[in-house]
Amino acid sequence: MTTDDGGNSPSGRQQNSTIRRRLGRLLPDVVRENLTAKLLILLLLGTVISGAVVVVSYSTINDEITEQVRAQVTADTTTQATVYENWLTERWTTLNAMAESGEMQHDSSTVLHQWLVAEQTRVSNDVHSLYVADSDSGAILGSTHTEFHGADLYEVGLDKSNAKNMIFISQKPVVLDEELPKMTLIGTHSGDRMLLAAVPTNTPLVSSKLFEGAESSLYSLEGNRILGDQTTATMELPADARDETVVMNEHDTILGVRVIGHDVLNAQPVDEFSEGTRWSVDAQADEEGGVETTVKMAVVTRAPTAEAFAIRDQVSQVIAISFGLLLTLLIGTAAVSMRSVTVDVNRLSKKARRISEGSFDVDMSHHRIDEIGTLYQSVGEMRDSLRTRIEQAERREQEMTQAREETEQARKKLRQIIDLVPDLIFAKNQGGEYLIANEATAEAYGLSPEEVEGRNESEVIPSVEDSEGFREDDLAVIESGESKFIPDEEITTADGETRILQTTKIPYDVPGSDEDAVLGYSRDVTELKRYEQTLETQRDNLQVLNQVVRHDIRNKLQLVSAYAQMCQEQLEDGSEENVENVLEATRDAIDITETARDVTEVMLQSEVDRSPVGLRNVLEEEIDDIRSGFDTVRITVEGSIPDVDVIADDMLESMFRNLLHNAVQHNDKDVPEIAVSARLTNDHVVVRIADNGPGIPDGQKELIFQEGKVGIDSDGTGLGLYLVDTLVDRYGGDVRVKDNEPTGSVFIVTLLISR
C-alpha cells in the first residue's frame, strides 16, 4: 500500500524538476542561464502590472472627486454671492431712504447725532455706527458716537476718489479708532453730504456648510477683505474672475471666486448731481437719463483642501497599502528564489576571503552553468591574475629600490661637483619648479639648495619681473628643443642688488621621467661689465683731452710766439700793449692746461671716493684768487656763506674756479661784476654765481655742459663747464643756468650736505 504525499516523494520531486526544465526551455538562453535576469524580469512584470493598476485607479478616482469638489465650491460660491448681494441691497436701500430725510441736511451736530441714534434701529444689528460727513472734506458732521465728531474719514483710510460715486463701499478697511476693530464703510450721497454705515470688517455674514472649516468673505476688486470672518486681509484676485465663478487652488486651500455688482438706485435723477457740485458720479448716463450706480466686489469661498479631498486621501491610502502588500509579495518571492543560491554565494565568499589573505591554492571547481558558475570562474581567474601581478610587483619594487639607491648616489656625487662651481647651475621643469640648484644659485636668492629645489620659481625669485622673463626663456628652450644664450640677463638678489649674468640654457631630459625641463648655466659678469664701461668712458674722455692739448694749447702757444716776435720788432713803439697780449694769452694757456689736468684726473678715476668738504673755505679761497688775478673784476658776496660740509672731494675747488673764471672770461663789460650767494634748504646747499655779461641763448643752455661744446662767439674750449657738470654729477648734486636781470647769466649749483 502506498500513500500520495504530493511533491515530497522522490517521484514527485523528479516530476516537478522535469516540469521546470520544460518550462525553462521556453525562455531564451540568456535568461535561462542568468539568475539575475530571471529575478529582474519577475520583479519588473509584477511592478509594472501593479503600478499600472494603481495609476489608472488613482487617476480615475482623482478626476471624479476633483470635478465633484469644483462643482460644490462653484455652487456654494454662487449661493454666497446671492446672499451678499441681498444683504448689500438691503443696507443701501435703507441708507438711501434715510438720506431723503430733511434731518440729513441739518447744521447741528447734536441734531444729527440724535437723528442718527434714532434711525440706527432701521438698519441691522451688524452695523456698528452711522455717520454724516462732508463729501468734499471728509469731515464727520454727526454720528451715533459723539467722540468722532470732526474726524476726517479721508485721513483714516477712506479713498476720496472711491467716495465720489453716488453709492460706494470702502475699497479697504478703515481705522476709526485704535480700540475698535477695522471698519468697512457703506455710503450714499445726498447733496454735498454723505451718509455712511460702519460695519466691522470681521463680521461673519454667511456661514458656509460646504465642508468642515469652509468660510466665505467679501473682497474689493483691489484684493482687500471688506467683510467676513477670515484671517486673510488681502489676496490677489484672478484676472478671469469677472463673468463667472472661478475655482482655484492656493496652498492648502481651494478657493471659489465670483465678482458681483449692485445697481440699487438706477432710477435716481441725474439733475440732482449737476456740474458745480463738489463730487461726481463715476458712471455713464443710461438711455433714460439716469446714472449707473453699480459697485463691483468679489465673493470668495475658502475650503480646506484636506477636508475637500478627504475621500480621495482615504482611497489613496487604500491603494498605497494594496500596492505595498503586492510589492512585499513580489520581494518575498524573489527572496525565496535567491535562497537556492545563498549556500553557493557564502561558500564562494569564504574562498574569496582566503584568496585576499594570500592563499592561492584554493579550489575553484564548480558545476553550475548560471551566473554563480560564471562568478566562480571569474574569481578563479582573478586568483591566478592576482598571483602573477603580486610576483611582478615584488620584482618591480626590488628594481625600483635599486634604481632609487643608484639615483641617490649619483645625485650626491652631482651635488658635490656643482656646489664647487662658483657660477649658477640649475634645472627647472616646464611648470617652473626647480629640480636642481647649486649653492651659488641658492645664495643669489638668500636660500639653501634644499629650500630652492622642489619650489616654483615664482616662490624663489624675489622680483616678479625677473620671474616672468626667466619663464619665457625657459619655455622657449623647452618648446624649440634648442639651446639659447642670453648675454645680458639681469636678476635681483635677496639683498636687492641687481646683477648681470651671461646664461646658457639647453633642453634637459629628467632621468627616469618623460618630463621636459631646461638646464641652465649662468656666470656673474656684473663687475666685468662695469669695468668695461669704465674703460670705455675713460677712453672717450682721454680722446677729448687729447684734442684739447693738441689743438687749443698749441694754438695759444703759437699766438704767444707771434706776439713775442712782434714785440721784438716793435720794441720801442707799442711794446707795452703787445707784452700785455702776450701775458693774457699765456694766462689762458695756463688755465687751459690746469683744466685739462683736472679733467684728466677725473677721467682716470675708476672709483668715486666722496668725503665731507668745508664749503665756506673752498669758495672763499677761489673768490680771493679771482680778486687778486683780475684787477678790473668787481666780485661781491651776498650775505654769508654757510659753514657746512658738503659731499665732495678735493676737486670741489676746481669746480668753483671754472665757474668763476667762466663768469670773467666771457664778460664783455669794462668792469665785470660777479655776485656770489649760498643758502641752505633741508639736506642741500644752493650756490648761485651771477654775472653781468652777455648771457647765454636758450638754445645753448643745455649744450654748454657737454664735452667740447662752447658758446657762440666764445674763444674758450668748453672743457671747464663740462668738468663742472661731471663733478656735480659725481657729488650727487645738480647744476643749471638761467638768465640774470638785466643782463648776464646765473649758474645755480645744488650740493648735498654731509650729516
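Up top is the structure these notes are about.
In this report, the structure presented in the accompanying data block is examined. Quick caveat, the model's predicted, so the values are computed rather than measured.

### So, the overall build of the protein
Next, step 1: When you go through the protein residue by residue, the secondary structure sums to 16 helices and 22 strands.
Next, step 2: Evaluated residue by residue, the protein yields a buried proportion of 39% over its 755 residues.
Next, step 3: Counting every atom, the protein has about 43,100 Å² of accessible surface; 49% of that belongs to carbon and sulfur.

### Observations concerning the environment of Asp 683
Next, step 1: Positionally, Asp 683 belongs in the loop between strand 19 (673-681) and strand 20 (684-691).
Next, step 2: Taking the C-alpha atoms as reference points, Asp 683 and Leu 752, 69 residues apart in sequence, are found 6.2 Å from one another.
Next, step 3: Polar contacts involving the side chain of Asp 683 include one to the side chain of Arg 755, which spans 3.1 Å.

### A closer look at helix 14 (residues 615-629)
Next, step 1: Counted at 1.5 Å a residue, the expected span for helix 14 with its 15 residues is 21 Å, and the 22 Å between its end C-alpha atoms agrees.
Next, step 2: All of the buried residues along helix 14 are Leu 615, Val 618, Leu 619, Glu 622, Ile 623 and Ile 626. For helix 14, the angular spread of the buried residues around the axis is 130 degrees, confining them to a single face. Across from the buried face of helix 14, at angles greater than 90 degrees, the exposed residues are Asn 617 and Ser 628.
Next, step 3: Packing partners of the buried residues in helix 14 comprise strand 16 (611-614), strand 17 (634-638), strand 18 (645-648), helix 15 (652-665), strand 19 and strand 20.

### Describing the sheet that holds strand 12 (residues 434-437)
Next, step 1: Taken in spatial order, the 5 strands line up as 12-11-15-14-13 in an open sheet, and their pairing is antiparallel. Each having just a single partner strand, strand 12 and strand 13 (484-492) make up the two edges of the open sheet. Taken pair by pair, the neighbouring strands of this sheet meet at an average axis angle of 30 degrees, ignoring direction.
Next, step 2: Note that strand 14 (residues 498-509) and strand 15 (residues 516-524) share 9 bridges and pair antiparallel. Across the sheet, the residue bridging to Thr 504 is Tyr 521, located in strand 15.

### Concerning the pairing of strand 12
Next, step 1: Across 3 bridges, the pairing between strand 11 (residues 424-429) and strand 12 is antiparallel. When the sheet's bridge partners are listed, Lys 428 is paired in strand 12 with Tyr 434.
Next, step 2: Joining the antiparallel neighbours strand 11 and strand 12 is a turn of 4 residues, in which Gly 432 adopts a positive phi near 90 degrees.

### Remarks on helix 4 (residues 109-119)
Next, step 1: Of all the positions in helix 4, only Leu 112, His 113, Trp 115, Leu 116 and Glu 119 are classed as buried.
Next, step 2: Where helix 4 begins, the capping side chain belongs to Ser 108, and its oxygen is found 3.2 Å from the backbone nitrogen of Thr 110.

### Looking at the nonpolar core
Next, step 1: Ranked by internal contacts, the top residues of the largest apolar core, which has 41 residues, are Leu 652, Met 655, Phe 656, Ile 674 and Leu 751.
Next, step 2: Mapped by element, the contributors of at least two residues to this core are helix 14, strand 18, helix 15, strand 19, strand 20, helix 16 (719-730), strand 21 (734-739) and strand 22 (745-752).
Next, step 3: Considering each element in turn, this core owes the most residues, 7 residues, to helix 15.
Next, step 4: Beyond its immediate stretch of four places on either side in the chain, Phe 656 contacts Leu 615, Val 618, Leu 619, Glu 622, Val 687, Ile 689 and Leu 751.
Next, step 5: In terms of nonpolar packing, the next biggest core, distinct from the first, is built from 30 residues, Met 98, Ala 99, Ile 186 and Leu 227 among them.

### Side note on the packing of helix 15 against helix 16
Helix packing geometry: the angle between the two helix axes and the distance between the axes.
Next, step 1: The interhelical angle for the contact between helix 15 and helix 16, taken along N-to-C directions, is 145 degrees, at an axis separation of 9 Å. Every pair of crossing elements has a handedness; the one defined by helix 15 and helix 16 is left-handed. Two secondary-structure elements touch here, helix 15 through Ser 654, Met 655, Asn 658, Leu 659 and Asn 662 and helix 16 through Gly 720, Leu 721, Leu 723, Val 724, Leu 727 and Val 728.

### A closer look at a negative patch on the surface
Next, step 1: A cluster of acidic side chains, namely Glu 620, Glu 621, Asp 625, Asp 643, Asp 645, Asp 650 and Glu 653, defines a negative patch on the protein surface.
Next, step 2: Of all the elements, helix 14 adds the most residues to the negative patch, at 3 residues.
Next, step 3: Residue position: Glu 620 is located in helix 14.

### What to know about the packing of helix 14 against helix 15
Next, step 1: Running from amino to carboxyl end, helix 14 crosses helix 15 at an angle of 35 degrees, the nearest separation of the two axes being 9 Å. Considering how the two elements wind past one another, helix 14 and helix 15 form a crossing that is right-handed. Between helix 14, through Leu 615, Val 618, Leu 619, Glu 622, Ile 623 and Ile 626, and helix 15, the contact on the second element is made entirely by Leu 652, Glu 653, Phe 656, Arg 657, Leu 660, His 661 and Val 664.
Next, step 2: Looking at the contact of helix 14 with helix 15 residue by residue, the class counts come to 9 nonpolar, 1 polar and 3 charged.

### A short note on the pattern of salt bridges
Next, step 1: Considering all chains together, one arrives at 15 salt bridges under this definition.
Next, step 2: Taking the shortest distance from any N to any O, the salt bridge between Glu 90 and Arg 91 comes out at 3.3 Å.
Next, step 3: Beyond isolated ion pairs, a larger network of salt bridges with shared partners links Lys 428, Asp 474 and Lys 505.

### Structural notes on the environment of Gly 324
Next, step 1: For Gly 324, the location among the structural elements is in helix 6 (residues 310-356).
Next, step 2: The exposure class assigned to Gly 324 is partly exposed, which follows from its relative accessible area of 30%.
Next, step 3: Considered as a pair, Gly 324 and Ser 50 are 274 residues apart in the sequence and their alpha carbons are 9.7 Å apart.

### Things to note about the packing of aromatic side chains
Next, step 1: According to the stated counting rule, one finds 3 aromatic pairs in the structure shown.
Next, step 2: Note on Phe 705 and Phe 747: the rings are 6.2 Å apart at their centroids and 80 degrees apart in plane angle, and the pair reads as edge-to-face. One end of the pair, Phe 705, is in the loop between strand 20 and helix 16; the other, Phe 747, is in strand 22, and 42 residues separate them in sequence.

### Observations concerning the sheet that holds strand 5 (residues 193-200)
Next, step 1: Pairing within the open sheet is antiparallel, and its 5 strands lie in the order 2-1-5-4-3. Two strands close off the open sheet at either side, each with one partner strand: strand 2 (140-143) and strand 3 (167-169). Strand-to-strand, the axes of this sheet are offset by a mean angle of 20 degrees, without reference to chain direction.
Next, step 2: In the sheet, strand 3 pairs with strand 4 (residues 183-190) via 3 bridges, with the strands oriented antiparallel. Note that in strand 4 the partner of Ile 167 across the bridge is Thr 188.
Next, step 3: In the packing of helix 4 onto the sheet, the strands contacted are strand 1 (129-134), strand 2 and strand 5, and the crossing angle to strand 2 comes to about 45 degrees.

Rules behind the numbers
- Residues numbered from 1 in each chain as written.
- Predicted model: local features only at pLDDT ≥ 70, side-chain atom pairs only at ≥ 80, totals over all residues.
- Heavy atoms only, no water.
- Helix = DSSP H or I, 4+ residues; strand = E, 2+ residues; numbered from the N terminus.
- Buried < 20%, exposed > 50% of the residue type's maximum accessible area, 1.4 Å probe, protein only.
- Areas by Shrake-Rupley, 256 points an atom, 1.4 Å probe, with all protein chains shown as cover.
- Polar contact = N/O pair within 3.5 Å; in protein donor to acceptor, adjacent residues only side chain to side chain.
- Expected span 1.5 Å × (residues − 1).
- Arc of directions from axis to C-beta.
- Contact = heavy atoms within 4.5 Å.
- Pairing = 2+ DSSP bridges.
- Axes fitted to C-alpha atoms, helices over the stretch in contact; angles between N-to-C directions.
- Core = buried A, V, L, I, M, F, W, Y, C linked by side-chain atoms within 4.5 Å.
- Left-handed = near helix turned anticlockwise from the far one by under 90°.
- Patch = residues over 30% accessible without salt bridge, like charges linked within 9 Å, V, L, I, M, F, W, Y side chains within 5 Å.
- Salt bridge = Lys/Arg side-chain N within 4 Å of Asp/Glu carboxyl O.
- Lys, Arg positive; Asp, Glu negative; His and termini not counted.
- Charge placed at Lys NZ, Arg CZ, Asp CG, Glu CD.
- Nonpolar A, V, L, I, M, F, W, Y, C, P; charged D, E, K, R; others polar.
- Phe/Tyr/Trp six-rings, centres within 6.5 Å; stacked < 30°, edge-to-face > 60°.

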